[in-house]
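Residue-level structural notes
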Amino acid sequence: MDHTLSLLPFLFIIIISSFHVLPVSPTPSHKLKSATTIRKLNRGGPYIGLVTVIATEENAFLRSVDFRPDPTHPFLDLSGRRFRIGKIHGKKVVYVRCGRGMVNGAAATQQMIDVFNVKGIVHFGIAGNMNNSMSIGDVSIPKQITNAGLWDWLNPDKVKGVEDIAYLDVGNYNVPKGDGDNELGSIGYNYEQLYSVTGHINAPQNVFWINTTQEWLHLAADLEKMELSQCVNASLCLPKKPKLVVGLKAATAYIFVDNAAYRNFLYDTFGVSSSDMESSAVAMTCASNGYPIIVIRGLSDLAGEGGDNTVHKFGSLAATNTAKAVLEFIRKLPPY
């Protein structure tokens, strides 16, 4: 008997079994469809990238008649986020709502830079006011932003070193002042590590301030003359007209600041006029990749002011004024 023929049934079993064992990883059809759409969109670029944070800000932006969705590809859904494609004042834009926090801000910005043919990022939203000379409804376009949440919580028994840029002595806020030891000790504010396409590989630069793009700040300077909204509705208005200021400083951290003492500390120590949870992460991502960045934030509350925080009362107004500033900035951008 031919031994080859006798082995055929066993070979057949092995071959059939292998189909159940070997991994099969076809590309899902929706990914292929997305890749095709992205290629088509990018051939029509470049775009201005727009990144905001929460639904209140998105609603104010999308209510604007100046944003006109692309008739063929009005949006593309990626990683659980909706990237909206359209035009503002004849300029092509891609917009996304990133979600609250620094990780969301960095992730959405990096994805936008990696996927779409963008020439720069406009990041906008609402923020808390740290500056007593600013008011609810005002809009700030900062020149510098810091991550004020990168802390070294120091051992109170040890002498402070020189590694940190500033210190917060918790015991200074005891009531009555100086009464006993405070075991929380001190907080030392540390630096970010900036990896950049313009730097050396695996040799990050220690930075405390991230600069927004100087050319775009100069372009935004004329926005200080623009008219901003004063009223939420017919029965809820601010006591005076809001203003737009270019060239202040801002802080970002995973902290909603609703404490007057901490607000004053941030302003006195770092000179920051606004506080939010995303801007430095978006700016750092742009700086790392070598992309222009401008940040536009409307002030919704004075952190730590008595009574209920006004973010729920005036957040929509701050978002509306921010959206107005974003649209006007895009109008002033030169054709590309």
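Quantities reported herein were computed from a predicted structural model and do not represent experimental measurements. (Residues numbered from 1 in each chain as written. Predicted model: local features only at pLDDT ≥ 70, side-chain atom pairs only at ≥ 80, totals over all residues. Heavy atoms only, no water.)

1. Looking at the sheet that holds strand β10 (residues 166–169)
The condition that has to hold: One requirement defines pairing of two strands: DSSP has to find at least two bridges between them. Under the DSSP-based scheme used, a helix requires at least four consecutive residues in state H or I and a strand at least two consecutive residues in state E, with every element numbered from the N terminus. Axis lines are fitted to C-alpha atoms, over the contacting stretch for helices. Their N-to-C directions set the angle, which ranges from 0 to 180 degrees. Contacts are assigned to residue pairs with any non-hydrogen atoms lying within 4.5 Å of each other.
Taken in spatial order, the 3 strands make up an open sheet running β9-β11-β10, and their pairing is antiparallel. At either end of the open sheet lies a strand with only one pairing partner, and these are β9 (151–154) and β10. On average, adjacent strands in this sheet sit at an angle of 25 degrees to one another, irrespective of strand direction. Alignment of β9 against strand β11 (residues 186–189), held across 4 bridges, turns out to be antiparallel. The residue of β11 that forms the bridge with tryptophan 153 is isoleucine 187. Together, β9, β10 and β11 form the strand contacts of helix α6 (residues 260–270), whose direction differs from that of β10 by roughly 155 degrees.

2. Focus: the packing of aromatic side chains
Short version of the rule: Between rings of Phe, Tyr and Trp, where Trp is taken as its six-membered ring, a pair exists when centres lie within 6.5 Å; planes separated by under 30 degrees are stacked, by over 60 edge-to-face, and by other angles tilted. Accessible area is worked out with a 1.4 Å probe on protein chains only. A residue is then buried under 20% of its type maximum, exposed over 50%, and partly exposed in between. For a lysine, the NZ atom is tested; for an arginine, the CZ atom; a charge sits over a ring if that atom is within 6 Å of the ring centre and within 35 degrees of the ring normal.
Summed over the entire model, instances satisfying the criterion amount to 15 aromatic pairs. When the ring of tyrosine 191 is compared with that of phenylalanine 208, the centres are 6.4 Å apart and the planes differ by 80 degrees; the resulting orientation is edge-to-face. Residue tyrosine 191 is located in the loop between β11 and β12 (192–194), and its partner phenylalanine 208 is located in the loop between β13 (205–207) and β14 (209–211); the two are separated by 17 residues in the primary sequence. The exposure class of tyrosine 191 is partly exposed, given its relative accessible area of 30%. The structure contains a cluster of three or more aromatic residues connected by ring pairs, namely Trp151, Trp153, Tyr189, Tyr191, Phe208, Trp209, Tyr262, Phe265 and Phe270. Above the plane of the ring of phenylalanine 75 lies arginine 82, whose end atom (NZ or CZ) is 3.7 Å from the centre. One residue, lysine 249, lies across the ring of tryptophan 209, its end atom 4.5 Å from the ring centre.

3. Some words on the nonpolar core
Where we set the bar: Among buried residues, the Ala, Val, Leu, Ile, Met, Phe, Trp, Tyr and Cys ones that are joined through side-chain atoms within 4.5 Å form a nonpolar core.
In terms of nonpolar packing, the biggest core is built from 29 residues, with Phe83, Val94, Met112, Phe116, Val118, Ile121 and Ile293 touching the most fellow members. Per element, the largest residue contribution to this core is 4 residues, and it comes from helix α7 (residues 279–289). In this structure valine 94 touches Tyr47, Ile48, Gly49, Leu50, Phe83, Arg84, Ile85, Met112, Phe116 and Val118, once residues within four positions along its chain are discounted. Listed in part, the 26 residues of the second largest apolar core include Ile88, Phe124, Val139 and Leu327.

4. Examining the pairing of β11
Side chains of β11 alternate between two faces, with Ser186 and Gly188 and Ile187 and Tyr189 buried alike. Sheet topology places β10 next to β11; 4 bridges connect them, and they run antiparallel. By the bridge assignment for β11, leucine 168 is matched with isoleucine 187.

5. Points about the layout of surface pockets
To find the voids left in a structure, one rolls a probe of water-molecule size over its atoms. Heads up, the rule is: Space inside and on the surface of the protein is sampled on a 1 Å grid over the protein atoms alone, with a cavity defined as a set of points where a 1.4 Å probe fits but cannot get out and a pocket as an open set with protein on both sides within 12 Å along at least 5 of 7 lines; lining residues have an atom within 4 Å of a point. Grid points are joined across faces, edges and corners, and a volume is the space filled by probe spheres set on the points. Think of it as three bins: nonpolar holds Ala, Val, Leu, Ile, Met, Phe, Trp, Tyr, Cys and Pro, charged holds Asp, Glu, Lys and Arg, and polar takes everything else, Gly as well.
Volume-wise, the largest pocket comes out at about 310 Å³. Lining the largest pocket we find 18 residues, and of these Arg100, Ile126, Phe256, Met277 and Val311 sit closest to its centre. Contributing elements (two or more residues each) for the lining of the largest pocket: β6 (118–129), β19 (274–276) and β20 (293–302). When its residues are assigned to classes, the lining of the largest pocket shows 9 nonpolar, 3 polar and 6 charged.

6. Details of the packing of helix α4 (residues 102–115) against α7
Put simply, the test is: Here is the rule for handedness: rotate from the far helix to the near one, and if that takes an anticlockwise turn smaller than a right angle the crossing is left-handed, while a clockwise turn gives right-handed.
Running from N to C, α4 and α7 cross one another at 35 degrees; their axes reach a closest spacing of 7 Å. Handedness of the α4/α7 crossing: right-handed. Note on element contacts: α7 touches α4 through Ser280, Ala281, Val282, Thr285, Cys286 and Asn289, opposite Met102, Gly105, Ala106, Thr109, Gln110 and Ile113. Here the contact of α4 with α7 is built from residues that sort into 6 nonpolar, 6 polar and no charged.

7. Some words on the state of the cysteines
Selection rule: Pairs of cysteine sulfur atoms within 2.5 Å are identified as disulfides in what follows.
As enumerated under the stated definition, the model contains 1 disulfide in all. Shown here is the disulfide that connects cysteine 231 with cysteine 237, its sulfur atoms set 1.9 Å apart. Across the disulfide from cysteine 231 to cysteine 237, rotation about the S-S bond amounts to roughly 105 degrees, and the bridge is consequently right-handed. By relative accessible area, which is 35% here, cysteine 231 ends up partly exposed.

8. Some details on the environment of histidine 73
For histidine 73, the location among the structural elements is in the loop between β2 (67–69) and β3 (75–78). Those residues in contact with histidine 73 that sit more than four places away from it in its chain are Thr37, Lys40, Leu41 and Ile85.

9. With respect to the confidence of the model for the protein chain
Put simply, the test is: How sure the predictor is of each residue is captured by pLDDT, a score from 0 to 100.
Of all residues in the protein chain, 90% attain a pLDDT of 70 or more, and the chain-wide mean is 89. Per-residue pLDDT stays below 50 along residues 10–27; that stretch engages in 1 contact with residues further than four places along the chain or on separate chains.

10. A closer look at α6
To keep things clear, this is the line we draw: In this description, the arc belongs to the directions extending from the helix axis to the C-beta atoms. For this analysis, a polar contact is any N or O atom pair within 3.5 Å, provided that within protein one partner can donate a hydrogen and the other can accept it, and provided that sequence-adjacent residues contribute only side-chain to side-chain pairs.
Along α6, the residues that are buried comprise Tyr262, Arg263, Phe265, Leu266 and Phe270. An end-on view of α6 places all buried positions within 160 degrees of arc, on one side of the element. Measuring from the backbone nitrogen of alanine 261 back to the side-chain oxygen at the start of α6 gives 3.1 Å, which picks out asparagine 259 as the cap. A positive backbone phi angle near 70 degrees is found at glycine 271, which sits one or two residues after α6.

11. Comments concerning the pattern of salt bridges
This is how the line gets drawn: Note on definitions: salt bridges are taken to be side-chain nitrogens of Lys or Arg within 4 Å of carboxyl oxygens of Asp or Glu.
For the structure on display, the rule yields 7 salt bridges. A salt bridge links aspartate 276 to arginine 297; its shortest N-O distance comes to 3.5 Å. With aspartate 276 in strand β19 and arginine 297 in strand β20, this pair connects stretches of sequence that are 21 residues apart. Overlapping salt bridges, with partners in common, bring together Asp276, Glu278 and Arg297 in one network.

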